[in-house]
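# Geometric and topological summary
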There are 2 protein chains.
Amino acid sequence: MKINSNYFNLKESYLFANIAKKTTEFSKSHPDADIIKLGIGDVTLPLCSAVINAMQNAVLEMSQKDTFKGYGPYQGYDFLRDSIKKYYNDRKIEIDADEIFVSDGSKSDVANILDIFSKENTVLIPDPVYPVYVDTNVMDGRKIQYINANKDNGFLPLPDENIKADIIYLCSPNNPTGAVYNHEQLKKWVDYAIENKAVILFDAAYEAFIEDKSLPRSIFEIKGAKKCAIELCSFSKTAGFTGVRCGYTVVPMDLEFDGASINKLWFRRQSTKFNGVSYIVQKGASAVFSKEGITQITENINYYKDNAKLIAKAVKDKGIYFTGGENSPYIWMKCQDKMTSWDFFDYLLEKTHIVGTPGSGFGKNGEGFFRVTAFGDRDNTLKAVERLKRL
Amino acid sequence: MKINSNYFNLKESYLFANIAKKTTEFSKSHPDADIIKLGIGDVTLPLCSAVINAMQNAVLEMSQKDTFKGYGPYQGYDFLRDSIKKYYNDRKIEIDADEIFVSDGSKSDVANILDIFSKENTVLIPDPVYPVYVDTNVMDGRKIQYINANKDNGFLPLPDENIKADIIYLCSPNNPTGAVYNHEQLKKWVDYAIENKAVILFDAAYEAFIEDKSLPRSIFEIKGAKKCAIELCSFSKTAGFTGVRCGYTVVPMDLEFDGASINKLWFRRQSTKFNGVSYIVQKGASAVFSKEGITQITENINYYKDNAKLIAKAVKDKGIYFTGGENSPYIWMKCQDKMTSWDFFDYLLEKTHIVGTPGSGFGKNGEGFFRVTAFGDRDNTLKAVERLKRL
């Protein structure tokens, strides 16, 4: 029995293990230090009451024979897909319920969608980037082409006609940089994809953080996108579902490659390799898009965004270059005095007892940059901001 | 962009769609017919109270900041892995918590585990079989070797030394046949796997239905299995979790191929392509293996098994050959008068208003056989048994 030898090509990922190790060591040698963690990409606010109530009711339903739910539809229950469809319709985007696939989260989706694409495709990945896009393709043995995101392009790279690609990864608002594409920029990508007969995997995990109404929250706001794009969405950051696990992909009926319907292929993959999302979770997810749910999650998202604004202001006042901080929960800042990312990590931890994420962990263009997140406590964020000011 | 052309090699699966279609048509032309569905492999009893209470508490925890849970460990929470470890220890099997990987169900696991194995491997699949084993390998383009399960071997095929295979699928108690391997038979498979440097994927989804204490409930009861087998387990049939979604794989630390640790590879796959199971679901799953939980699920499993015994007795009294009916929720019966599976389906529906599953849907050796399930209502089961007697 032979293993998938592509696994030998994976880089060991020590980023978060190293962060944890250094933090623990610092904590041991400085037991009185009040360490503030602004590195984690995890939410901290509890689930909103609309979701809690929906899930409590769903658990009760599961306790009674006549309301008990067994296997659900592979693509997700109608009540949830209709809620998601409405969420798009309210933003003037027409999507059919059959174009929506409910899942246990967009990490699974962004990985599993690759099953339906040939290994022979070239993927185009921005650098810096969420490492999963890279690793999942290394596991499949695909050729990876990187495109540079950097200060020169405001971490918003545009297509290079000289590069041919088949699968294009775009994440906007971006993890780790917080940068957000505008309509014109996304149109360039859609045109490039159509020109190259390529598919765009558009990661919209942070779309709910956009407050600038001129900025697109869905790739499907762009003309032509239904012919070349798949959108990946998540309840994780939108509704605090990091521990609940729910997301969805939108795969337009118009999407065809090799004479095959991508929607049909994805359905085949999911109906063969997956058995749907927990009924209780789907009930909770559906409540997110109720009138009450929208009000409550907006409150929570604003809480995180206000954290982001506080951090962004402190960084700006210090004259440090950064992206993000608005329309995003991330602040992507230049390291001071030409320090490397890890040197800056050590420096920040030493001087301010703040833990962040070294940008070099996200790719070569992340070297010399640093990611700070706005998902923490307001009090801790204010404390962190004061310490940053005194740096 | 090229799609994964292996998808063109998939057979369209019409089995359950055709069953649904014929049932609906019959219902329309016979509006007074009291149709009894004994074809579905879905549970009907609600979740037990230990699980309900655990999940209600977990939902409450998610509503409070200080008990809220975000991202959990990729492999599953310690509290659940420790429960599973104890479930094995109580059956005299030593497993470490690190050998346990919690998932959203064994359908996902049996599919996703293939990611870590080379496409160049030959898989050995029994016929008849749960179609997912076949389809997932067609999607990967692997060579499939079938091994015959039939009346001659009591639907319990043993290794053929002349067939070389790298990945071996065993499901015991079996879906669809309900047949159960004994220790001696499984030892032959373990010896064969070790001889061939092959891995066994042991699907133990129905292990909780075994009441004959001489029969193995885990592949790890067999000497040598830790060097060649992965066990796939599910809360679906054990605890009625078909709509809750939870399962686990056991990947021994001793399992190595190509100089690589399979446990490490699976961890890499899961930590890259998956983000863990819902906290609420894991809390429910952990309650299954509490003292209270075990008592309650045993009651439910016995309810289904008593259904199975009633059906099995009726089939036996008619002098019809069958496997299953004990130690399993399935009865796999020979179709009368040399009818084909679909002819028998039509005959049964016409004469008794009972819906079952044509065996031909599970492979060529299923032709002339028929699967009936014991997951239904007791009253309906008794009614069905009366109708079968009058056939």
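That block above? That's the structure.
Heads up: these notes are all about the structure in this document. (Residues numbered from 1 in each chain as written. Chains lettered and ligands numbered in written order. Predicted model: local features only at pLDDT ≥ 70, side-chain atom pairs only at ≥ 80, totals over all residues. Heavy atoms only, no water.)

### What to know about the environment of Glu25 of chain B
Put simply, the test is: Only runs of H or I of at least four residues qualify as helices and only runs of E of at least two qualify as strands under DSSP, and these elements are numbered from the N terminus. Under the scheme applied here, a residue whose accessible area is under 20% of the maximum for its type counts as buried, over 50% as exposed, and between as partly exposed, the area being computed with a 1.4 Å probe on protein chains only.
With respect to the helices, strands and loops of the structure, Glu25 of chain B is situated in helix 1 (residues 15–29). Assessed through its relative accessible area of 47%, Glu25 of chain B is described here as partly exposed.

### Some points on the interface of chain B and chain A
Here is the rule we go by: A contact between two residues is defined here by any heavy atoms of the two lying within 4.5 Å. Once two parts are joined, some of their accessible surface, as seen by a 1.4 Å probe, is lost; buried area is that loss totalled over both. Just to be clear on terms, a salt bridge is a Lys or Arg side-chain nitrogen sitting within 4 Å of an Asp or Glu carboxyl oxygen. Counting of polar contacts relies on pairs of N or O atoms within 3.5 Å, with two restrictions inside protein: one atom must be capable of donating a hydrogen and the other of accepting it, and residues adjacent in sequence are counted only when both atoms are side-chain atoms. As a working rule, the residues Ala, Val, Leu, Ile, Met, Phe, Trp, Tyr, Cys and Pro are called nonpolar, Asp, Glu, Lys and Arg charged, and the rest polar, with Gly in that last group.
Contacts between the two partners involve 78 residues from chain B and, on the opposite side, 78 residues from chain A. Here chain B meets chain A over a buried area of about 6400 Å², counting both sides, of which 57% is carbon and sulfur. Broken down residue by residue, the surface that chain B buries against chain A is led by Met1, Arg268 and Lys273 of chain B, which jointly contribute 13%. Viewed at the interface, chain A and chain B are joined by six salt bridges. Salt-bridge contacts for Lys2 of chain B lead to Asp258 of chain A; the nearest nitrogen and oxygen are separated by 4.0 Å. Connecting chain B to chain A are 34 residue pairs in polar contact (both at pLDDT 80 or more). Class assignment for the residues of the side of chain B that touches chain A results in 35 nonpolar, 22 polar and 21 charged.

### A closer look at empty space enclosed by the protein
If a probe as big as a water molecule is rolled over the atoms, it shows which places are left empty. Which entries qualify depends on this criterion: Only protein atoms enter the 1 Å grid used here, on which a cavity is any set of points holding a 1.4 Å probe that cannot leave and a pocket is any open set flanked by protein within 12 Å on both sides along at least five of seven lines; residues with an atom within 4 Å of a point are listed as lining. Grid points are joined across faces, edges and corners, and a volume is the space filled by probe spheres set on the points.
Within this structure, the stated rule accounts for 14 cavities of 30 Å³ or more. Within this model, the largest cavity holds a volume of roughly 120 Å³. What lines the largest cavity is a set of 17 residues, among which Asp104, Ser108 and Asn112 of chain A together with Asp104 and Asn112 of chain B lie closest to the centre. Here the lining of the largest cavity is built from residues that sort into two nonpolar, seven polar and eight charged.

### What to know about the sheet that holds strand 6 (residues 199–203) of chain A
Residue and element names in this part refer to chain A. Stated precisely, the cut-off is as follows: At least two bridges found by DSSP between two strands is the condition for calling them paired. An axis is simply a line fitted to the C-alpha atoms; with a helix, the fit covers only the stretch in contact. Between two such axes, the angle follows the N-to-C directions and lies from 0 to 180 degrees.
With mixed pairing, seven strands are arranged side by side in an open sheet as 2-8-7-6-5-3-4. Whereas interior strands pair on both sides, the edge strands pair on one side only; in this sheet they are strand 2 (100–103) and strand 4 (143–148). Between one strand axis and the next, the sheet turns through 20° on average, direction left out of account. Where strand 3 (residues 122–127) meets strand 5 (residues 167–171), two bridges bridge the pair, whose relative direction is parallel. In the strand pairing of strand 5, Leu124 is matched with Ile168. Docked against the sheet, helix 6 (residues 183–195) engages strand 3, strand 4, strand 5 and strand 6, running at close to 165° with respect to strand 5.

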